[in-house]
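Topology and contacts: notes
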Amino acid sequence: MSDQHSDQHSFETLAIHAGNTADPLTGAVVPPIYQVSTYKQDGVGGLRGGYEYSRSANPTRTALEENLAALEGGSLGLAFASGLAAEDCLLRTLLSPGDHVVIPNDAYGGTFRLFAKVVSRWGVEFSVADSSDPAAVRAALTPKTKVIWVETPSNPLLGISDIQALAGVARAAGVRLVVDNTFASPYLQQPLALGADVVVHSTTKYMGGHSDVVGGALVVSDPALGEELTYHQNAMGAVAGPFDAWLVLRGIKTLAVRMDRHSENATRVADMLTRHPRVTQVLYPGLPEHPGHETAAKQMKAFGGMVSFRVEGGEAAAVEVCNRAKLFTLGESLGGVESLIEHPGRMTHASAAGSALEVPADLVRLSVGIESGDDLLADLKQMLG
């Protein structure tokens, strides 16, 4: 962040200004898209501004990475081509064959697939535990455990894990705590301040916010770990391209105002669904009856824009609800300005079928957008009949 903004610490100010130094050549207030692969050097080994090749570093990506670090309160941020690319780099940095990871019993299907089908072939083992119960996570640790992996809120069951309590478990065991903060975003929750070692994001979601970019990020508090990750990011190469980095940086500028509206609309949606006769369960941490409500209220600024619910009539009924959507778009992903609906069992979490992470067949997941709340409620009511 430029010196003129270094003493401004509110999230909204950092989101707009951190990493966004005016272009020194023209004064442009938006960082340029440096669509370049290589850079003229000032003599052999003389890097101009530290840039030599855009896999190693690119000025547009640098701006985003500085912004990410500022928003999460970390020492270093790293931007990747996707959320899973970020996760893969992190796991191959932290782990070696024979190591063990504790993963949650509710996690994004792609994350589970990465552990079950890719990392496990490399000789890394994992155990599944209820991350909302610190005692269960502690019991799942082994002498070979190196990482505790957490999503909170979780995908798609909106489970809540106590980050501070799990950080205590991790410290006592001498292992790293990784928190996927995608559903909350750094505006609503900052895991590093609660004791986590690494924050993971799919910047495709709320950070980008407009369903027009795919990206991922890691943010760490430990500079030494940051150096290791930077080495692996360059060595493995799954970096964010300059235009993708620019799109995420642009999206972040409105993150605070968007998340306020997402949370407001989701609260209205969850409240309506709890009263609908065809809905058997509503999963939203903002509801007082949610088992993680008190923890969420303690560690989150608001409760986010994701709502899941179960319908009477089983899988066929849930699929029919999705197919009847008009304003909600039937599609995967989440966190954009438009509202999305999906059937996790057949879509985003199909890879978890038959495992301990299999999701209920009657589950519907909503990414509640920033449209008129009245219009969203009307569409849901017609979907449910």
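For the structure, check the block above.
Values in this document were obtained by computation on a predicted structure and should not be read as measured data. (Residues numbered from 1 in each chain as written. Predicted model: local features only at pLDDT ≥ 70, side-chain atom pairs only at ≥ 80, totals over all residues. Heavy atoms only, no water.)

Digging into the pairing of strand β9 (residues 306-311)
As a general feature of sheets, a regular strand has side chains that alternate between the two faces. For β9, a buried count of 5 out of 6 residues is recorded, marking the element as mostly surrounded by other parts of the structure. Here 4 bridges tie strand β8 (residues 279-283) to β9, and the two strands are oriented antiparallel to one another. The residue bridging V282 from the neighbouring strand is F309, located in β9. As defined by bridge partners, β9 adjoins strand β12 (residues 363-367) across 5 bridges and the pair is classed as antiparallel. In the strand pairing of β12, S308 is matched with R365. (Buried < 20%, exposed > 50% of the residue type's maximum accessible area, 1.4 Å probe, protein only. Helix = DSSP H or I, 4+ residues; strand = E, 2+ residues; numbered from the N terminus. Pairing = 2+ DSSP bridges.)

Notes on the packing of aromatic side chains
This structure, assessed with the given rule, holds 7 aromatic pairs. When the centroid spacing of 6.1 Å and the interplanar angle of 55° are considered together, the rings of F115 and F126 count as tilted. Within this pair, whereas F115 is found in helix α4 (residues 109-118), its partner F126 is found in strand β3 (residues 125-129), the two being separated by 11 residues in sequence. A relative accessible area of 2% places F115 in the buried class. Among the residues examined, F126 registers a relative accessible area of 24% and is labelled partly exposed. When the centroid spacing of 6.5 Å and the interplanar angle of 70° are considered together, the rings of Y284 and F303 count as edge-to-face. Residue Y284 is found in the loop between β8 and α11 (293-299), and its partner F303 is found in the loop between α11 and β9; the two are separated by 19 residues along the sequence. According to the relative accessible area criterion, Y284 is buried, its value standing at 1%. (Phe/Tyr/Trp six-rings, centres within 6.5 Å; stacked < 30°, edge-to-face > 60°.)

Some points on the side chain of S339
Secondary-structure assignment places S339 in the loop between β10 (329-330) and β11 (340-342). You can call S339 buried: its relative accessible area is 0%. A polar contact is formed between the side chain of S339 and the backbone nitrogen of G369, at a distance of 2.6 Å. A distance of 2.8 Å separates the side chain of S339 from the side chain of E371, its partner in a polar contact. (Polar contact = N/O pair within 3.5 Å; in protein donor to acceptor, adjacent residues only side chain to side chain.)

Quick notes on the pattern of salt bridges
One pass over the full model with this rule turns up 12 salt bridges. Residues R275 and D271 are paired through a salt bridge, measuring 2.5 Å at the closest nitrogen-oxygen approach. Its relative accessible area of 57% is what places R275 among the exposed residues. Residue D362 pairs with R310 through a salt bridge whose shortest N-O separation is 2.8 Å. Taken as a pair, D362 in the loop between β11 and β12 and R310 in strand β9 lie far apart in primary sequence, 52 residues in all. Assessed through its relative accessible area of 14%, D362 is described here as buried. Overall, the relative accessible area of 25% leaves R310 in the partly exposed class. (Salt bridge = Lys/Arg side-chain N within 4 Å of Asp/Glu carboxyl O.)

Description of the pairing of strand β1 (residues 76-80)
Counting buried positions along β1 yields 4 of 5 residues, so the element is predominantly enclosed. Judged from the 5 bridges that link them, β1 and strand β7 (residues 216-220) form a sheet pairing that is antiparallel. Directly across from F80, in β7, lies its bridge partner G216.

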